[in-house]
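Chains, contacts and geometry: an overview
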Amino acid sequence: MSTFNPDKLSVEYRDSVTATAPIIPRYYTLTHSDTTAELFLTIGYHYAWDKINSMRDEVLGEWRTDGSHFHYQVYLYIDQGEYNLQVAAKRNEIFRRELPLALTAIRYGDRFLFNAYPTLDHAPIIVTFTSAYPQFARHENWATFQDYSI
């Protein structure tokens, strides 16, 4: 896993979303630059589809509730638009290796929301790996944001 560097993270709020409101709807799009290792977090009422490139290596997330408890839902696209088992296996490996960095970046980038609502640090993080291959398509619990706080 790469080490998170706060100086390499840029945060953009869209759609009148602020640093502390609302919790729902609040959609996160995390992208990066392979050449500079910079991370770009966009937070808004919708995903930042304009920031997503053909590599499809973004991390999408949103807050959800069952009525009384929050959880954070993450979506990862494993197949990259082509159906190749070896490519999917490699992308799955990379996503799993780099996801702790991504979750740390999201937690840090939206730290003002977490400061305003400390219970969000204890909300479960549910990750959906989307793939045409059953061995990669799954839902997993990735602990809580408390585990990704710096």
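Quick caveat: nothing in here was measured; it's all calculated off a predicted structure. (Residues numbered from 1 in each chain as written. Predicted model: local features only at pLDDT ≥ 70, side-chain atom pairs only at ≥ 80, totals over all residues. Heavy atoms only, no water.)

**Observations concerning the overall build of the protein chain**
We count it as follows: Think of it this way: any DSSP run of H or I at least four residues long counts as a helix, any run of E at least two long counts as a strand, and we number them from the N terminus. Atoms counted for the radius of gyration: C-alpha only. Globule rule: 2.2 Å times the number of residues to the power 0.38. Remark: exposure states derive from per-residue accessible area (1.4 Å probe, protein chains only) relative to the maximum for the residue type, with buried under 20%, exposed over 50%, and partly exposed in between. We call two residues in contact whenever any of their non-hydrogen atoms come within 4.5 Å of each other. Method for areas: the Shrake-Rupley scheme with a 1.4 Å probe, in which residue coverage is limited to the protein chains shown.
A tally of regular secondary structure across the protein chain gives 2 helices and 7 strands. For 150 residues, the compact-globule estimate of 2.2 N^0.38 gives 15 Å, and the protein chain sits close to it at 15 Å. For the protein chain, the spread of C-alpha atoms along the three principal axes comes to 45 × 35 × 30 Å. Every one of the 150 residues in the protein chain was classed for burial, and the buried ones make up 42%. For the protein chain, long-range pairs separated by at least 24 residues make up 61% of all intrachain contacts whose partners lie at least 6 apart in sequence. When the accessible surface of the protein chain is split by element, carbon and sulfur atoms take 54% of a total near 7700 Å².

**So, helix α1 (residues 85-109)**
Our working definition: The span one expects for a helix is its residue count, reduced by one, times 1.5 Å. The quantity called bend is, for any residue, the angle between two axes fitted respectively to the seven residues ending at it and the seven beginning at it. What qualifies as a polar contact is a pair of N or O atoms within 3.5 Å, subject to a donor-acceptor requirement within protein and to the restriction that residues adjacent in sequence count only when both atoms come from side chains.
With 25 residues, α1 ought to run about 36 Å at 1.5 Å a step, and its terminal C-alpha atoms sit 34 Å apart, in line with that. Roughly 45° is the biggest bend found in α1, and it falls at E98, with proline P100 one to four residues downstream. Its side-chain oxygen at 2.9 Å from the backbone nitrogen of Q86, N84 defines the N-terminal cap of α1.

**Side note on the sheet that holds strand β3 (residues 39-44)**
How we decide: Being paired, for any two strands, means DSSP has found at least two bridges between them. Each axis is a line fitted through C-alpha atoms, taken for helices only over the stretch in contact, and angles between the N-to-C directions span 0 to 180 degrees.
Reading across from one edge, β1-β3-β2-β4-β5-β6-β7 is the order of the 7 strands in this open sheet, with mixed pairing throughout. Taken across any chain shown, the strands that pair with only one partner, and hence form the sheet edges, are β1 (9-13) and β7 (138-144). Ignoring strand direction, the axes of neighbouring strands in this sheet form an average angle of 20°. Across 5 bridges, the pairing between strand β6 (residues 124-130) and β7 is antiparallel. When the sheet's bridge partners are listed, I126 is paired in β7 with N141.

**Here's the deal with the packing of aromatic side chains**
For clarity, the cut-off: Geometry of aromatic contacts follows a simple scheme: Phe, Tyr and Trp rings, the Trp one being its six-membered ring, pair when their centres are within 6.5 Å, and the pair is stacked under 30 degrees between planes, edge-to-face over 60, tilted otherwise. Here, over-ring charges are defined by two tests on the NZ atom of lysine or the CZ atom of arginine: distance to the ring centre within 6 Å, and angle to the ring normal within 35 degrees.
With the rule as written, the count across this model stands at 12 aromatic pairs. An angle of 45° between the planes, with centres 6.5 Å apart, marks the rings of F129 and W142 as tilted. With F129 in strand β6 and W142 in strand β7, the pair connects residues that are 13 residues apart, well separated along the chain. Judged by relative accessible area, which is 15%, W142 ranks as buried. Among the aromatic residues, those joined into a cluster by ring pairs are Y28, W63, F70, Y72, F114 and F145. Seen from the ring of F129, R96 lies directly overhead, with NZ or CZ sitting 4.3 Å from the centre. The ring of Y108 carries the charged tip of R111 above its face, separated from the ring centre by 4.1 Å.

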